[in-house]
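# A closer look at the structure
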Amino acid sequence: MIDLLLASIVQGITEFIPVSSSLHLIIFDQFFSTKNLTLLIIATMHLGSIIALICFLLIETKNKLVMYKSRKFIKLIFISSIPIFIFGFIFYELVENLNALNILTIFTTIFFGLLLYFSDSLSKENRTLENINYKDSFILGFSQCLSLIPGVSRSASIIITSRILKIDRESSIIYSLLLSIPVIIGAFLFAIYKVQIDTIILEKIWIDIILSLCFSFISSFLTLKVFFKFSRTRGFGIFAIYRVFLGLFLLLQL
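This text gives an overview of the structure that appears in the document. (Residues numbered from 1 in each chain as written. Predicted model: local features only at pLDDT ≥ 70, side-chain atom pairs only at ≥ 80, totals over all residues. Heavy atoms only, no water.)

### So, the overall build of the protein
Here is the rule: In this description a helix means any DSSP run of H or I spanning at least four residues, a strand means any run of E spanning at least two, and both kinds are numbered starting from the N terminus. Our radius of gyration is a C-alpha quantity, and the globule rule it is checked against amounts to 2.2 Å times the number of residues to the power 0.38. A simple rule labels every residue: compare its accessible area, found with a 1.4 Å probe on the protein chains alone, to the largest value its type can have, and call it buried under 20%, exposed over 50%, or partly exposed in between. Note on contacts: a residue pair qualifies if any of its non-hydrogen atoms lie within 4.5 Å across the two residues.
Looking only at helices and strands, one finds 13 helices and zero strands in the protein. The linear arrangement of helices and strands in the protein, starting from the amino end, is α-α-α-α-α-α-α-α-α-α-α-α-α. Relative to its length of 254 residues, the protein is compact, with a C-alpha radius of gyration of 18 Å against a globular reference of 18 Å. For the protein, the spread of C-alpha atoms along the three principal axes comes to 55 × 45 × 35 Å. Taking all 254 residues of the protein together, the buried fraction comes to 50%. Taking as baseline every contact in the protein between residues at least 6 positions apart, the subset at least 24 positions apart corresponds to 84%.

Okay, structure coming up:
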């Protein structure tokens, strides 16, 4: 039970920051060798995170809600979301086979950590969320596909590209968060589709589902508040440094 709660917390903390939540769950499994992290439980964790994100956006960015609901902005999110669903469907089995602690994962952890640092520190930010156009959304959508490579991080790939496109930090974070909604919902529905309902009932794991949902929600919401407040003014350097040191540490463990 403890391993399940810790995994929910780890997933919630790492879901929206640029460090790859899937990598951290792989590391967690290496240390604890837990059998409780079934596809259903992981899907439930994602559900907790998405509920936390929606609550966060409604509370912390309520002044932008009118823009979020505008036809143009919905189109931008739609355009940015199409590529990852297409590539995710095509390369699903390949991605699943690569999703392990190996030299590729370690390389992408370090390399994209360096990219995150330099793209943020060298960016001449002069564009806001309102300035994002269809061309930007197309580019950001394809950059999100890089997150299919283990260790990259969906958040990192979007933030790096946003900073290269001279989009300010706050807008980069918000756009990354908004793009996570269709992706996480899609991953959740796909996981539910693959899970047999009879198994859910027979194994009587409802208590695990409720706990993973709650702990994922709480850790996600608290992390979002800290991440947004800190990074929109101080940048993403701390996450870049963390990624590099984590990658070097994992390299020594091989």
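### Overview of the pattern of salt bridges
Operational definition: Between Lys or Arg on one side and Asp or Glu on the other, a salt bridge is scored when a side-chain nitrogen of the former is within 4 Å of a carboxyl oxygen of the latter.
Under the criterion given, the structure shown has five salt bridges. A salt bridge links Arg232 to Glu170, with the shortest nitrogen-to-oxygen separation between them at 3.8 Å. Of this pair, Arg232 sits in helix H12 (residues 206-234) while Glu170 is found in helix H10 (residues 169-194), placing the two residues 62 residues apart along the sequence. Classification of Arg232 as partly exposed rests on a relative accessible area of 35%. Look at the salt bridges and you will find they share partners, linking Asp120, Arg163 and Arg169 into a network.

### So, the packing of helix H7 (residues 103-121) against helix H9 (residues 154-164)
What counts is decided by this rule: All axes here are fitted lines through C-alpha atoms, helices being fitted over the stretch that makes contact, and every angle between N-to-C directions spans 0 to 180 degrees. Relative orientations are named as follows: roughly parallel for angles under 35 degrees, roughly antiparallel for angles over 145 degrees, roughly perpendicular for angles from 65 to 115 degrees, and oblique for any other angle. Left-handed describes a crossing whose near helix is turned anticlockwise from the far helix by less than a right angle; the clockwise case is right-handed. Residues are grouped as follows: Ala, Val, Leu, Ile, Met, Phe, Trp, Tyr, Cys and Pro are nonpolar; Asp, Glu, Lys and Arg are charged; every other residue, Gly included, is polar.
Contact geometry for H7 and H9: axes closest at 9 Å, N-to-C directions at 30 degrees. Between H7 and H9, the angle is such that the two are roughly parallel. Of the two elements, H7 crosses H9, and the hand of that crossing is left-handed. Within the contact between the two elements, H7 uses Phe112, Leu115, Leu116, Ser119 and Asp120 and H9 uses Ile159, Ile160, Arg163 and Ile164. The class makeup of the residues in the contact of H7 with H9 is six nonpolar, one polar and two charged.

### Considerations on the layout of surface pockets
Rules: The way it works is a 1 Å grid over only the protein atoms, where trapped points that fit a 1.4 Å probe form a cavity and open points with protein on both sides within 12 Å along at least five of seven lines form a pocket, and then any residue with an atom within 4 Å of a point lines it. Grid points are joined across faces, edges and corners, and a volume is the space filled by probe spheres set on the points.
Counted as a void, the largest pocket has a volume near 1400 Å³. Along its surface, the largest pocket is lined by 39 residues, and Ser22, His46, Val95, Glu96 and Ala187 are the ones closest to its centre. Elements with a minimum of two residues in the lining of the largest pocket: helix H2 (21-32), helix H3 (39-60), helix H5 (71-90), helix H6 (92-98), H9 and H10. Top element by residues in the lining of the largest pocket is H10. It accounts for eight residues.

### Focus: H12
Every α-helix winds through 3.6 residues per turn, so residues three or four apart in the chain are directed the same way. To keep things clear, this is the line we draw: Take the residue count of a helix, subtract one, and multiply by 1.5 Å to get its expected span.
The end-to-end C-alpha separation of H12 is 41 Å, in line with the 42 Å expected for 29 residues at 1.5 Å each. Phi for Gly235, located one or two positions after H12, is positive at around 90 degrees.

All quantities given are derived from atomic positions and should not be read as evidence of function.
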